[in-house]
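Listed below, chain by chain, are the residues.
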Amino acid sequence: MEKADYIICGDYVVTMDERLSVLRDGAVAVGGTTVLAVDARDAVMKKYDARHIVAGEGRVVMPGLVNTHTHAAMVYFRGLADDLPLKEWLEGHIWPAEGKWLSAGFVGDAVELACLEMLKAGITTYNDMYFFGDSAAQSTRRLGMRAVLGVGIVDFPTMTAATADEYLGNAARFIDAWKGDELITPCIAPHSAYACGPETLRRVKALADERDVLVTTHLSETAWEVGELQSRFGKRPAEHLDALGLLDERLLAAHCVWLDEQEIALLARKRVGVSHCIESNLKLASGFAPVPEMLRAGIPVTFGTDGAASNNTLDIFGELSVAAKVHKALAKDPTVLDAKTALLMATRWGAEALHLADRIGSIERGKRADLITLDLRKPHLTPLYDIYSHLAYAAKASDVETVFVNGARVVSNGALQTGDEQELLRKAAAWAERIRACNSRS
């Protein structure tokens, strides 16, 4: 028999491969970081001798979820300011709080809490846009999570830089330090076309091409943004980015709420990836992204949570369920954004948008072992007729039981294995007390 580290069993193994294969009474053999086999349970058990067997009765095994847009460290600002328009929320509350509190220590501690929340919710990879990237990367690696971390760039001074030269220098150093890491993939994250001028965006694109990394940015999140770009440059946001050379398959654009037909066609032609953050858009009343239209055009649409300061959770199961239902209602068509499409957006398509599909996004031999199990033995998951239906419309983040990233078991029976949960919660409470005390004095 061949050796394996783990055999992970399930009543269902939902692979999310090109055939959308589902194995009844299946198993996945894992050796080191890699999936060795995906097959019927009996076949895997006969071929592999594993050190650990993860029980599968009443469970489903599926790929880890991919969160393609967030600001992880903003989890420490969860609930700090709610029920406000985006511009007022951002400029009147969030940016001042960041100016007061952001530091390497703050980001490092906050990212640990965000990773804890995401891992326990079945998210194994996230794409981030923020500051103090080294601290975020170290915390993410420490907890054993996978991430594509973007160095935040704006055209005004922050606690990390004062000029475009400094921001871009920080980005180049971060890329050089982390490129090739097994879990951390660096990218560049200019905030938006209204927070970064044309010359800065051109330099971002040049650096991304030179270093062969992704660019992620906010695009057409609000009607205000569209009007602002038209006023400044005479172009809608997507047209403006295209004129600067940023629209191509290297770009992942978050939100894309206010695209018109021409911009949808433009993004499709340029093979731009999109991160749909429906719960943040709903809460900030930003509008409804034209997701069915983007999907029909061939745009690879994925799911992001946005930051927990605006969502207020980091839960892709919640995102995909809400999105599938809301877009049906908006289109007055129950066939729009069906369960399988929603799950593809949360797994394989997310991996493709992050240029990681050769490693993650589906359970296939030779790919990294980033996978999760859910406990189906719950009232809200009984009875079960269609596993895709349950995963899209009934499953909750709290149903996640076991999480593997890169072949390592990082969550077992719902508990983090790579850190002390209570210590992470204690640190978060201590930071919150400092922020609360400061706010009460101001």
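Everything below is about the structure shown above.
Residues numbered from 1 in each chain as written. Predicted model: local features only at pLDDT ≥ 70, side-chain atom pairs only at ≥ 80, totals over all residues. Heavy atoms only, no water.

**What about the nonpolar core?**
Link 1 in the chain: Among the nonpolar cores identified, the biggest contains 129 residues, and Phe77, Trp89, Phe106, Leu267 and Met294 are the most heavily contacted of them.
Link 2 in the chain: Top contributing element to this core by residue count: helix H3 (residues 104-120), with 10 residues.
Link 3 in the chain: For Phe106, the residues in contact, after removing those within four places along its chain, are Ala73, Tyr76, Phe77, Trp101, Trp431 and Ile435.
Link 4 in the chain: Ile8, Val13, Ile363 and Ala369 belong to the second largest nonpolar core, which has 12 residues in total. (Core = buried A, V, L, I, M, F, W, Y, C linked by side-chain atoms within 4.5 Å. Buried < 20%, exposed > 50% of the residue type's maximum accessible area, 1.4 Å probe, protein only. Helix = DSSP H or I, 4+ residues; strand = E, 2+ residues; numbered from the N terminus. Contact = heavy atoms within 4.5 Å.)

**Some words on the packing of helix H12 (residues 316-331) against helix H13 (residues 339-346)**
Link 1 in the chain: Viewed as axis vectors pointing N to C, H12 and H13 meet at an angle of 145°, and their least axial separation amounts to 10 Å. Where H12 crosses over H13, the two elements pack in a sense that is right-handed. Within the contact between the two elements, H12 uses Ile316, Leu320 and Ala324 and H13 uses Ala342, Leu343 and Ala346.
Link 2 in the chain: Of the residues contributing to the contact of H12 with H13, the split by class is 6 nonpolar, no polar and no charged. (Axes fitted to C-alpha atoms, helices over the stretch in contact; angles between N-to-C directions. Left-handed = near helix turned anticlockwise from the far one by under 90°. Nonpolar A, V, L, I, M, F, W, Y, C, P; charged D, E, K, R; others polar.)

**Comments concerning the state of the cysteines**
Link 1 in the chain: Applying the stated criterion to the full structure yields 0 disulfides.
Link 2 in the chain: You can see Cys115 has no disulfide; the closest cysteine sulfur is in Cys187, sitting 15 Å from it.
Link 3 in the chain: Residue class for Cys115 comes out buried when judged on its relative accessible area of 0%.
Link 4 in the chain: Cys196 takes part in no disulfide bond, and the closest cysteine sulfur to it belongs to Cys187, at a distance of 13 Å. (Disulfide = S-S within 2.5 Å.)

**Describing unusual backbone geometry**
Link 1 in the chain: Backbone torsion omega between Asn311 and Asn312 reads 20°, so that peptide bond is classified as cis.
Link 2 in the chain: Counting through the fold element by element, Asn312 comes out in the loop between strand E13 (301-303) and H12.
Link 3 in the chain: The peptide bond linking Thr382 to Pro383 adopts the cis configuration, its omega dihedral lying at -5°.
Link 4 in the chain: Mapped onto the secondary structure, Pro383 falls in the loop between strand E14 (371-375) and helix H15 (387-393).
Link 5 in the chain: Look at Cys256: it is not a glycine, yet its phi comes out positive at around 50°.
Link 6 in the chain: Note on placement: Cys256 falls in the loop between strand E11 (251-255) and helix H9 (261-270).
Link 7 in the chain: The exposure class assigned to Cys256 is buried, which follows from its relative accessible area of 0%.

**Some remarks on the pattern of salt bridges**
Link 1 in the chain: On inspection of all chains with the given rule, the structure shows 38 salt bridges.
Link 2 in the chain: As a salt-bridge pair, Asp165 and Arg203 come within 2.7 Å of each other at their nearest N and O atoms. Of this pair, Asp165 sits in helix H5 (residues 164-178) while Arg203 is found in helix H6 (residues 198-211), placing the two residues 38 residues apart along the sequence.
Link 3 in the chain: A single network of salt bridges, built from pairs that share partners, joins Lys205, Asp209, Asp212, Asp248 and Arg250. (Salt bridge = Lys/Arg side-chain N within 4 Å of Asp/Glu carboxyl O.)

**Side note on the side chain of Ser310**
Link 1 in the chain: Inspection of the secondary structure puts Ser310 in the loop between E13 and H12.
Link 2 in the chain: A distance of 3.5 Å separates a polar atom in the side chain of Ser310 from a polar atom in the side chain of Asp306.
Link 3 in the chain: If we ignore the near neighbours within four places in the chain, the residues touching Ser310 are Trp89, Ser280, Lys283 and Leu284. (Polar contact = N/O pair within 3.5 Å; in protein donor to acceptor, adjacent residues only side chain to side chain.)

**So, the pairing of strand E16 (residues 408-412)**
Link 1 in the chain: Across 3 bridges, strand E15 (residues 400-405) lies against E16 in antiparallel orientation. Directly across from Val403, in E16, lies its bridge partner Val411.
Link 2 in the chain: Hairpin connection between E15 and E16: a loop of 2 residues separates the two successive antiparallel strands, and Asn406 in this loop has a positive phi of roughly 55°.
Link 3 in the chain: Where E16 meets strand E17 (residues 415-416), 2 bridges bridge the pair, whose relative direction is antiparallel. Its bridge partner lying in E17, Ser412 is registered against Ala415.
Link 4 in the chain: Two successive antiparallel strands, E16 and E17, enclose a turn made up of 2 residues, where Asn413 displays a positive phi of approximately 50°. (Pairing = 2+ DSSP bridges.)

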